[in-house]
Amino acid sequence: MRKTIALLTGGTTGEWVVSVKSAATIAQNIDADLYDVYKIMLNDKGWFYEPADSVKIEIDKNDFSLTLDGRKIKFDGVFIAIHGSPGEDGKLQGYFDMLNIPYTTCDALTSSITMNKGYTKAIVEGIDNLHTAKSVQIFKNGNYDLKQIKHDLKLPYFVKPNSGGSSIGMSKVKHADDLDAAVEKAFLEDNQVLIEEFVSGREFSIGVYNAKSQITVLPTTEVIPANEFFDFEAKYTPGATQEITPGKMNDEEYLRVHQIIKDVYKKLNCRGVVRVDYFLEHDTSNFYFIEINTIPGQTATSFIPQQVAATGITLKQFYTDLMKETLN
Ligand SMILES: Nc1ncnc2c1ncn2[C@@H]1O[C@H](COP(=O)(O)OP(=O)(O)O)[C@@H](O)[C@H]1O
Ligand SMILES: [Mg+2]
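Summary of the structure given here.

Rules behind the numbers
Residues numbered from 1 in each chain as written. Chains lettered and ligands numbered in written order. Predicted model: local features only at pLDDT ≥ 70, side-chain atom pairs only at ≥ 80, totals over all residues. Heavy atoms only, no water. Patch = residues over 30% accessible without salt bridge, like charges linked within 9 Å, V, L, I, M, F, W, Y side chains within 5 Å. Areas by Shrake-Rupley, 256 points an atom, 1.4 Å probe, with all protein chains shown as cover. Salt bridge = Lys/Arg side-chain N within 4 Å of Asp/Glu carboxyl O. Helix = DSSP H or I, 4+ residues; strand = E, 2+ residues; numbered from the N terminus. Buried < 20%, exposed > 50% of the residue type's maximum accessible area, 1.4 Å probe, protein only. Phe/Tyr/Trp six-rings, centres within 6.5 Å; stacked < 30°, edge-to-face > 60°. Lys NZ or Arg CZ within 6 Å of the ring centre and 35° of its normal. Near = heavy atom within 4 Å. Polar contact = N/O pair within 3.5 Å; in protein donor to acceptor, adjacent residues only side chain to side chain. Nonpolar A, V, L, I, M, F, W, Y, C, P; charged D, E, K, R; others polar.

## Remarks on a nonpolar patch on the surface
- Together, I168, F232 and Y236 make up a nonpolar patch on the protein surface, roughly 280 Å² of accessible area in all.
- Inspection of the secondary structure assignment puts Y236 in helix α7 (residues 232–236).
- By relative accessible area, which is 41% here, Y236 ends up partly exposed.

Encoded structure:
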C-alpha cells in the first residue's frame, strides 16, 4: 500500500534556502509509486501545505495532520529536510516522538548533541584511530582566559561558533594577537565558541547511512577549496572549490576511514543519512574528526547526491531505502 509522507522543509534560520533546494531534490526523486508526498513548509509564519492549485493550508499541530477538501490526512512518516533549527537540532524530533510519528533522521538527543561541535568531539574521542584537534570550548560571559589558551594551544588556531554552520563567523588565526578579534567575531553568532588547533591536511566529507540492517559508508568526497579553508565563499561560489567524488584514499586509508565512520555512526546512535567532515593530516595521514551533519544537504549539487551517484544506485532507490528503514 502507498504510504503517506510529509516532506518537511524551510526552517527558521538562514539555511532555509538550502533546505528548500534539498526538499526539491527529494520530491523529484522519491518513488511516487510507493509514497504519496505532501511538501510542508515550516517558517516563522507557520506550518503550511501549499497545493499548486489552491491557497495554503495550515497544519494542525495537535496531531500533525492536514485537512484537505474536508478530508483529514495523517502521515505514516516524515522526511525532514530542514537544515539548522528546528529540523537538525532535535526540536522537531522531540515533537514527532511525542506524537509517535516516525521520521528519517537521528533522534532528539543525537540531533541536539551533534549541533554542539565541542560536546560531539567529547563523545567520539576514544574511537580507535580517531583524532580530534586539541581545543578549548569557551562560553560568553564565562571566565575564560585567552592568555592561558594561547599558552596551551599551538598556532595557527581555528576559531568557530560552536553550533555553527556554513562556516559563518569562523577564522584561521595565524598570530596570537589576532585571537581576541576572532573570538569576538565568533561570539556574534553563538554563545559558545570553540578554539581549536588548526589541522593541516587533506579535507574530506563522507556520507553514511543505515538501511537494510546494515551501515553503509558512501564514497568519500575530497574538498579542495581555493581559499585558505572551506569558508562561506568556498562553499557557495560555484567553482571556488574542487570537489572530487570518489575522493582518493589508498587502501589502508579507505579501510581505516570506513571503520572509523561506522564507529562514529554507532557511538552517536545515528539514524538515517549523516555526513562527517574530516581531515587526513599531511605527513601522518591521521584521521581528524571535524564535525558531523545529521541533515546533510540534498541539493542537486550537494555531496550526498554526488556520493550516491558514485555508488551506481539511483537517488530514487536511496530515498526508498531510507524511507523503508524509517517506516519499518
Ligand atoms: N581545526 C580545524 N583545522 C583546520 N580547518 C578547520 C578546522 N575546523 C574547521 N576547519 C575548516 O572550516 C570548515 C568549516 O568548519 P566546520 O566545523 O565543518 O563548520 P560548518 O558547520 O560551518 O561546516 C571546514 O570544512 C574546514 O575547512
Ligand atoms: Mg562542515
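## Some points on the packing of aromatic side chains
- Tallied over the entire structure, the rule returns 18 aromatic pairs.
- When the ring of F158 is compared with that of F198, the centres are 6.0 Å apart and the planes differ by 45 degrees; the resulting orientation is tilted. Separated by 40 residues along the polypeptide, F158 in strand β10 (residues 157–161) and F198 in the loop between β12 (192–197) and β13 (201–211) bring together distant segments of the chain.
- Overall, F158 belongs to the buried group, its relative accessible area being 10%.
- On the basis of relative accessibility, which here comes to 23%, the residue F198 falls in the partly exposed class.
- An aromatic cluster is defined as three or more aromatic residues linked by ring pairs; in this entry it consists of Y38, W47, Y49, F64, F75, Y95, F96 and Y103.
- Positioned above the aromatic ring of F48, the side-chain terminus of K56 is 4.7 Å from the ring centre.
- Lying across the ring of F230, K235 places its NZ or CZ 5.3 Å from the centre.

## Description of the site of ligand 1
- What surrounds ligand 1 is a group of 21 residues, the closest being K117, S167, E196, E203 and K235.
- Here an oxygen atom of ligand 1 and a side-chain polar atom of K160 are 2.8 Å apart.
- A distance of 2.6 Å separates an oxygen atom of ligand 1 from a polar backbone atom of S167.
- Listing elements by their share of the shell around ligand 1, those giving two or more residues are β10, β12, β17 (273–281) and β18 (287–293).
- Across the shell around ligand 1, the residue classes break down as nine nonpolar, four polar and eight charged.

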